[in-house]
Amino acid sequence: AWKPGTAKPAPLVVTIEDLNDDASFAIHASVQKQRHQLPVYKQRENLLFLVENHGTTVVVGETGSGKTTQIPQLLVEAGWAEGGRAIACTQPRQIAAQTIAARVAEEMRVTLGTQVGYSVRFDEVATRGVTKIKYMTDGVLLREMMTDPLLSIYSVIMVDEAHERSIATDILLGLLKKIIRRRPELRLIVASATMDTTAFRDFFNTSGEKLQTSSLGGSLPNRTPAVLFVEGRTHSVLVHYSDEPVKDYLQAAVSTAISIHKIEGPGDILVFLTGLDDVNAAVQMISEEAEKLPRALVALPLYAGLPASDQELVFRPSLSSRRKVVLATNIAETSVTIPGIVYVIDSGFSKQKFYNPITNVEALVAAPVSQASAEQRAGRAGRERPGKCFRLYTEETFATMRPQGVPEIQKSNLLSTVLQLKALGIDNVMQFDWLAPPPAECMVRALELLYALGIMDEYAKLTSPLGYQVSELPLDPMSAKMLLTAVEIGCQKEGLTIAAVMSVQTIWASGRERKEMDEARAQFGVAEGDMVSYLNVYEGYLRAKNQRQWCYENCVNYHAMAKVVKVRFQLSRLLLQLGGIKQQHDGDVKLVTKAITAGFFSNAARLEAEGGNTYRSLRGNQELFIHPSSVLFRASPKWVVFQSIIFLERHYIWNVTAIDPAWLSESAPHFYQLGRV
Ligand code: ADP
Ligand code: MG
């Protein structure tokens, strides 16, 4: 139980019912006190003045200065959400939108989903007409533009974490620039954690343009963007470099965490790793080591897609008797603030997308971060008091890292991006007002594939109905095509399940022994491959009396399955709206694999030699291997299609389906001209 005045710092979720009124009041008072000490709060008058008078305001402030949690609240307090209007705050990551909305609802003492809400793909907790502050992913706001092109319900749109330069952020900024010309009363806030604001400032400077006559009377806002620098509140961080290059950064991260725990003073540890696998492996390694230690060290994971209950543990302050070590992906770099961190361990890597338009391979690769990212990571140690950062790389390596990251739009497959722009009525995607233009080859590739998928016609217009239907579905175009083909040929039930499974990261449990995992997967495995095997997992899950226990016994992730069910339901509702749903041919697996081929034909590969395990992509001749977790790892079928490629020493293909090569030219005659395959 909390004693009045002892709740410091505030926990993520205060269950008011658990507390008597006095205590609840004390906690609220302390939350309010904390709020008033934040640098952004102290600048509120400047901020409100600038927003009032400028079309665009760029706000720069250290992570933790209160940009995300405070700016929307200050706007509400100043009346920007009156008259049924709302304030949107976009995040590149779902988990950030969700945790921050929860935090702000708590600060405002309202129930999440009323005045404060969030909206992420497949999950909206908000009430139209009631919600004044909506945290959402940048992708969701783009989708809202499809039904409300001028985003007319919003009075202020804050594009947060703009320095991350996610694809959706870049597109959003390009579109918002158009919208503010048409809606001078709309205000835009671009929030960034890095000092260099030139790109944003120049982009939004429309003061040289001729004025369009405004339908609104009164004065127009200044069309030169304002810039507000919020002074940081960070303490010094002592940076240690590794003396020599580290061979195994996972092992190095674990032993550094253990030695900090043994010799350094109090304070929690935050470790930056690259992905889910590393994070889970490190949690396990540290937990095993920690058992041998006299003082408790609790290892907690933090990554996108972590169930809410586990997220909460990370944000809850540690008890004084134990130290916590949070093993996180890039997500903890700037988008969420974890209280209590004094030590940071930086692997120097993050998972990054790289796309090669020549081979058409988009791979997720653990690659060195930029110097700007490394500085952000180090900064997490100095939030509450002087801290330390341990870099698992040498000072010489640091000097070779690029100063800033490359915007995602310049290193990605642009299939979804081009489709989305088309659906938003941007006909000439080459001429779009980009913050940074993507490489022309990537655009051409995307246009070519959209055409091959039958989503676009030869005049680069969306086809009817397929193109429009695909753009209505919150799926990548290839999965959407798979699903719509499944509907067309009578296996929508299976198509829905596969699409839903592919929209969660993985349905398999983490932290189990390799052998146990392989056995579990093998039970569901079928010769057609991973995607068809998921149908068995889904069936098993639905039939289980106790689903939680069934998941445990079968190495399946219960939270992921619960999400699959939810996503599947939403997708089936969308299909109904699109007027889909045809006669179902139950149990015809061949139809299912045909539908998969219709969506994923561009990701086709052929076994190089009988008896071997090397594949070659049909387009691009890239060397590929089936990922060991695939049910087809040992079977090595001759022809396959796959969902994605992961790069770990080699290019591994993921979610693999065995196919009949004849279906390739059937699905995409122009892409695979007859006789060439
Ligand atoms: P910024 O967006 O500038 O990085 P935030 O608005 O996210 O800053 O955070 C401001 C402050 O609010 C943090 O310094 C922290 O003290 C507090 N805070 C934010 N989120 C949480 C949370 N989930 N739990 C506890 N405190 C939080
Ligand atoms: Mg923030």
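Residues numbered from 1 in each chain as written. Chains lettered and ligands numbered in written order. Predicted model: local features only at pLDDT ≥ 70, side-chain atom pairs only at ≥ 80, totals over all residues.

**Brief notes about the overall build of the protein chain**
For the protein chain, the count of helices and strands is 24 helices and 21 strands. In terms of overall dimensions, the protein chain is globule-like: its C-alpha atoms have a radius of gyration of 26 Å, near the 26 Å expected for 677 residues. Per-residue burial for the protein chain yields a buried fraction of 46% across its 677 residues. Of the contacts formed within the protein chain by residues at least 6 apart in sequence, a portion of 72% connects residues at least 24 apart. (Helix = DSSP H or I, 4+ residues; strand = E, 2+ residues; numbered from the N terminus. Rg over C-alpha atoms; globule rule 2.2 N^0.38 Å. Buried ≥ 20, exposed ≤ 12 C-beta atoms within 10 Å, placed from the backbone. Contact = placed C-beta atoms within 7 Å.)

**A short note on the sheet that holds strand β4 (residues 123-125)**
Hydrogen bonds along the backbone pair up the strands of a sheet, which may run parallel or antiparallel. With mixed pairing, the 8 strands of this open sheet are ordered in space as β4-β3-β5-β2-β6-β7-β1-β8. Whereas interior strands pair on both sides, the edge strands pair on one side only; in this sheet they are β4 and β8 (226-230). Between one strand and the next, the sheet's axes are offset by a mean angle of 20°, whatever the strand orientation. Here strand β1 (residues 56-61) pairs with strand β7 (residues 187-192) via 5 bridges, running parallel. Bridge pairing in β7 links Val59 to Ala191. Sitting on the sheet, helix α4 (residues 67-77) touches β1, β2 (86-91), β5 (133-137), β6 (154-159) and β7, and the angle it makes with β2 is about 170°. Lying over the sheet, helix α6 (residues 138-147) contacts β2, β3 (116-120) and β5, oriented at roughly 105° with respect to β5. (Pairing = 2+ DSSP bridges. Axes fitted to C-alpha atoms, helices over the stretch in contact; angles between N-to-C directions.)

**Focus: the pairing of strand β11 (residues 296-302)**
In summary, the side chains of a regular strand alternate between the two faces of the sheet. Across the 7 residues of β11, 5 count as buried, placing the element largely inside the fold. In terms of strand pairing, β11 meets strand β12 (residues 322-328) through 7 bridges, oriented parallel. Bridge assignment links Ala299 to a residue of β12, and that residue is Val325. Running through helix α11 (residues 308-315), the crossover from β11 to the neighbouring parallel element β12 is right-handed. (Right-handed = clockwise from strand over helix to strand, strands pointing away.)

**A short note on the sheet that holds β12**
Taken in spatial order, the 6 strands of this open sheet run β9-β16-β13-β10-β12-β11, and their pairing is parallel. One side of each edge strand has no neighbouring strand; the edge strands of this open sheet are β9 (237-241) and β11. Adjacent strand axes in the sheet meet at a mean angle of 20° when their direction is disregarded. Examined bridge by bridge, strand β10 (residues 268-272) and β12 share 4 bridges and lie parallel to one another.

**Observations regarding the environment of Glu82**
The residue Glu82 is located in the loop between α4 and β2 in this model. Residues Glu82 and Gln371 lie 289 residues apart in sequence; the distance between their C-alpha atoms is 42 Å.

**What about the site of ligand 1?**
The full set close to ligand 1 counts 18 residues, and Thr63, Gly64, Lys67, Thr68 and Thr69 are the nearest of them. Examining the composition of the shell around ligand 1, we find that 4 residues originate from one element, α4, more than from any other. Residues belonging to the shell around ligand 1 are distributed by class as follows: 6 nonpolar, 10 polar and 2 charged. (Near = placed C-beta within 6 Å. Nonpolar A, V, L, I, M, F, W, Y, C, P; charged D, E, K, R; others polar.)

**Thoughts on the packing of helix α18 (residues 492-502) against helix α20 (residues 530-543)**
Two packed helices can be described by the angle between their axes and the distance between those axes. Two elements in contact, α18 and α20, have axes separated by 9 Å at closest approach and are oriented at 95°. Accordingly, the angle class assigned to the pair α18 and α20 is roughly perpendicular. Where α18 approaches α20, its residues Glu494, Thr497, Ile498 and Val501 are matched on the opposing element by Met531, Tyr534, Leu535 and Tyr538. Residues of the contact of α18 with α20, tallied by class, amount to 6 nonpolar, 1 polar and 1 charged. (Parallel < 35°, antiparallel > 145°, perpendicular 65-115°, else oblique.)

**Section: unusual backbone geometry**
In terms of backbone geometry, most residues other than glycine have negative phi values and most peptide bonds are trans. Between Ser464 and the following residue, Pro465, the backbone shows a cis peptide bond with an omega angle of 0°. With respect to the secondary-structure elements, Pro465 resides in the loop between α15 (440-452) and α16 (466-472). Phi at Cys555 takes a positive value of approximately 55°, unusual for a residue other than glycine. Given 20 C-beta atoms within a 10 Å radius, Cys555 is considered buried. Although it is not a glycine, Asn621 sits at a positive phi angle of roughly 55°. Its location among the elements puts Asn621 in the loop between β18 (615-617) and β19 (623-626).

**Some remarks on α20**
Look at α20: 20 Å from first C-alpha to last across 14 residues, which is about the 20 Å you get at 1.5 Å a residue. Buried residues in α20 make contact with α18, α19 (514-524), α22 (558-577), α23 (589-600) and β21 (650-658). (Expected span 1.5 Å × (residues − 1).)

**What about the UniProt feature "domain: Helicase C-terminal" (unreviewed entry) in the protein chain?**
The UniProt record marks residues 245-425 with the feature "domain: Helicase C-terminal" (unreviewed entry), using the residue numbering of this structure. End C-alpha to end C-alpha, residues 245-425 measures 50 Å, and it is 34% helix and 25% strand. (UniProt positions renumbered as here; feature names shortened; annotations may be inferred.)

**What to know about helix α17 (residues 477-489)**
With 13 residues, α17 should reach 18 Å at 1.5 Å per residue; the first-to-last C-alpha distance of 18 Å fits that figure. Across the 13 residues that make up α17, a large majority, 11, are buried. Burial in α17 covers these residues: Pro477, Met478, Ser479, Ala480, Lys481, Met482, Leu483, Leu484, Thr485, Ala486 and Val487. On its buried side, α17 packs onto α14 (415-423), α15, α16, α18, α22 and α23. Of the residues trailing α17, Gly490 is marked for its positive phi of about 90°.

**A short note on the environment of Ala199**
Looking at the secondary structure, you find Ala199 in helix α8 (residues 198-204). Considering only alpha carbons, one finds Ala199 and Ala662, 463 residues apart in sequence, at a separation of 49 Å.

**Describing the packing of α17 against α18**
One way to put it is that α17 packs onto α18 with a least axis distance of 7 Å and a crossing angle of 165°. Viewed along their axes, α17 and α18 adopt a mutual orientation that is roughly antiparallel. Helix-helix and strand crossings are classified by hand; for α17 and α18 the assignment is left-handed. Contacts between α17 and α18 involve Ser479, Met482, Leu483, Ala486 and Val487 from the former and Gln492, Glu494, Gly495, Leu496, Ala499 and Met502 from the latter. Tallied by class, the residues present in the contact of α17 with α18 amount to 7 nonpolar, 3 polar and 1 charged. (Left-handed = near helix turned anticlockwise from the far one by under 90°.)

**Concerning the pairing of β21**
Of all 9 residues in β21, 7 are buried, a share of seventy percent or more. Alignment of β19 against β21, held across 2 bridges, turns out to be parallel. Looking across to β21, one finds that Ile626 is bridged to Ile653. Pairing of strand β20 (residues 639-648) with β21, which is carried by 8 bridges, proceeds in the antiparallel orientation. Looking at the pairing, Leu648 lines up with Arg650 of β21. The turn linking β20 back onto β21 is made up of 1 residue, and Glu649 within it adopts a positive phi angle of 55°.

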